[in-house]
Amino acid sequence: MIKFLHTADLHLDAPFAALSPEQAAARRQEQRELLTELAEAANTHDCDLVLLAGDLFDSAGASDETLLALRRALASIRAPVFISPGNHDCLLPGSAYLTERWPENVHIFKTDAIEAIELPEKQLRVYGAGFTARHERPLLEGFRAKADGWTNLMVLHGDATQAASPYNPITPEQLAASGLAYLALGHIHQASGLLRCGSTCYAWPGCAMGRGFDELGEKGVYIGSVGDGACTLEFHPLHGRKYEILSVPAGEDALTSVTAALPQQTQDDIYRILLTGEAEPVPLQALYRALEERFFSLTLRDETTPKVDLWAAAGEDTLRGIFLRELRQQFDAAQTPEEKQCIADAARLGLVPVVPEGTTFDLDISGGHAR
């Protein structure tokens, strides 16, 4: 069996523009520290090789601190390392992949023509190619691995989710015809789990560190094994701050509602809290001051709607009054909270005014309320 570590989309030196300059600098340092954790994971699991499937850097350039940390981490890995440059760190003139001196155990695929590196002692062949521009043609089209009893792997940055993608689109037909035992992909930032087309297994591990609210939750790498017609993947979580979005009904006291909804350990993480439901306008600045020390970074959004008394017009001698009186009787007789909620929702819908076609409004949106 061949054991490997598969990761991608580290986006080293990302700007973290939504954070303060001090927080962004701290996050870039955390990215550099993550490299040591990756190397330790490869060594701890006795991996035979490491596959880095592109977008290792956030751009073609890289800081001196990052390059030093990366070279040290890669050199400490007791296995060959294979890198397939992606669309963010493509092989443009001046790329660190082309200008820097890399450790002896590192092989970078420096053209968009698929090549193979052979490891005879393991009867293993590692294929790969790299992006030479921001966009890349379908690199796997027409490819077929050599069939001689060896294990054939490939590392590649590409998009297996969209046939019309400009980022090396990969089709099920290409995968099934490839003759590969495993294709290590990058580019998609949410982990896929183990997938299969024909006899070819493939996956993308997602990004190794979240950088925004489109990259939520725990991140990590895959530790995999392949051989004897079988392939397995295990998700190995990495340490690091998480991005999380929490939706909370504001209720009568937004601070009490949010505090009750939060997990105990949030001080290392980056949260966006959405306040929902019917409520009085939420004092966001006061709420932020009361909560900010519980997080590395916090964003609050008031998405509540103005609080209204559903039954206020029930005494009217109108169709609306008759409608509300009937629903109020059903509401009072309801046996469960779910029934009451359903009837209340019906009342709210019934109170929505019918707007003549072509009518327009000018709205002043403030604190989540239309005035």
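Here is what the cut-offs are and how they apply
- Residues numbered from 1 in each chain as written.
- Predicted model: local features only at pLDDT ≥ 70, side-chain atom pairs only at ≥ 80, totals over all residues.
- Heavy atoms only, no water.
- Buried < 20%, exposed > 50% of the residue type's maximum accessible area, 1.4 Å probe, protein only.
- Helix = DSSP H or I, 4+ residues; strand = E, 2+ residues; numbered from the N terminus.
- Pairing = 2+ DSSP bridges.
- Axes fitted to C-alpha atoms, helices over the stretch in contact; angles between N-to-C directions.
- Parallel < 35°, antiparallel > 145°, perpendicular 65-115°, else oblique.
- Contact = heavy atoms within 4.5 Å.
- Core = buried A, V, L, I, M, F, W, Y, C linked by side-chain atoms within 4.5 Å.
- Nonpolar A, V, L, I, M, F, W, Y, C, P; charged D, E, K, R; others polar.
- 1 Å grid on protein atoms, 1.4 Å probe; cavity = no way out; pocket = protein on both sides within 12 Å on 5 of 7 lines; lining within 4 Å.
- Points joined across faces, edges and corners; volume = space filled by probe spheres on them.
- Salt bridge = Lys/Arg side-chain N within 4 Å of Asp/Glu carboxyl O.

## Focus: the pairing of strand β6 (residues 124–128)
β6 sits mainly inside the fold: five of its five residues count as buried. Of the two faces of β6, the one lined by Leu124, Val126 and Gly128 and the one lined by Arg125 and Tyr127 are each fully buried. As judged from the five bridges shared by strand β5 (residues 115–119) and β6, these two strands associate in the antiparallel manner. Along β6, the bridge assignment pairs glutamate 118 with arginine 125. Here five bridges tie β6 to strand β7 (residues 151–157), and the two strands are oriented parallel to one another. The partner of glycine 128 across the bridge, within β7, is valine 155.

## As for the packing of helix α7 (residues 319–333) against helix α8 (residues 337–351)
For the pair α7 and α8, interaxial distance at closest approach is 9 Å and the crossing angle is 170 degrees. One finds that α7 runs roughly antiparallel with respect to α8. Residues Arg320, Phe323, Leu324, Leu327, Gln330, Phe331 and Asp332 of α7 touch α8, and the partners they reach there are Lys340, Ile343, Ala344, Ala346, Ala347, Gly350 and Leu351.

## Brief notes about the nonpolar core
Formed by 42 residues in total, the largest nonpolar core has its most connected members in Leu74, Ile83 and Trp102. Those elements that provide at least two residues to this core are α1 (21–44), β2 (49–52), α2 (64–75), β3 (81–83), α3 (96–99), β4 (106–108) and β11 (220–227). With seven residues, the top contributor of residues to this core is α1. Of all hydrophobic cores here, the second largest spans 20 residues; its members include Ile2, Leu51, Phe109 and Cys231.

## Details of the packing of α1 against α2
Any two packed helices are characterised by the angle at which their axes cross and by the distance between the axes. The N-to-C vectors of α1 and α2 enclose an angle of 5 degrees; their axes lie 9 Å apart at closest approach. One element, α1, and the other, α2, form an angle in the roughly parallel class. Only Glu65, Thr66, Ala69, Leu70 and Ala73 of α2 make contact with α1, whose side of the interface consists of Arg32, Leu35, Thr36 and Ala39. Residues of the contact of α1 with α2, tallied by class, amount to five nonpolar, two polar and two charged.

## Focus on the layout of surface pockets
The volume enclosed by the largest pocket comes to roughly 260 Å³. Around the largest pocket, the lining is made up of 16 residues, and of these Leu180, Ala181, Ser199, Val226 and Gly229 lie nearest the centre. Taken together, the elements giving at least two residues each to the lining of the largest pocket come down to β7, β11 and β12 (230–237). By residue class, the composition of the lining of the largest pocket is seven nonpolar, seven polar and two charged.

## Looking at empty space enclosed by the protein
This structure, assessed with the given rule, holds one cavity of 30 Å³ or more. Its volume calculated, the largest cavity comes out at about 90 Å³. Around the largest cavity, the lining is made up of 13 residues, and of these Leu35, Leu38, Leu52, Leu74 and Ile77 lie nearest the centre.

## Examining the pattern of salt bridges
The tally for this structure, following the rule as stated, stands at 13 salt bridges. With its nearest N and O atoms 3.2 Å apart, the salt bridge here joins arginine 27 to glutamate 30. Placement of the pair is arginine 27 and glutamate 30 together in helix α1, with a separation of three residues, close to one helical turn. Both residues of the pair, arginine 27 and glutamate 30, belong to the buried class. Arginine 71 is paired through a salt bridge with glutamate 100; the nearest N and O atoms lie 2.8 Å apart. A residue pair is termed long-range when its members are at least 10 positions apart, and arginine 71 in helix α2 and glutamate 100 in the loop between α3 and β4 qualify at 29 residues. On the accessibility criterion, arginine 71 (24% relative accessible area) is partly exposed. The class of glutamate 100 is partly exposed, set by a relative accessible area of 29%.

## Things to note about unusual backbone geometry
Phi at aspartate 13 is positive, roughly 70 degrees, even though this residue is not glycine. Its location among the elements puts aspartate 13 in the loop between β1 (2–7) and α1. Here aspartate 13 falls in the partly exposed class, since its relative accessible area comes to 21%. One non-glycine residue, histidine 187, lies in positive phi territory at about 115 degrees. Relative to the elements of secondary structure, histidine 187 occurs in the loop between β8 (182–186) and β9 (195–197). With relative accessibility at 15%, the residue histidine 187 sits in the buried group.

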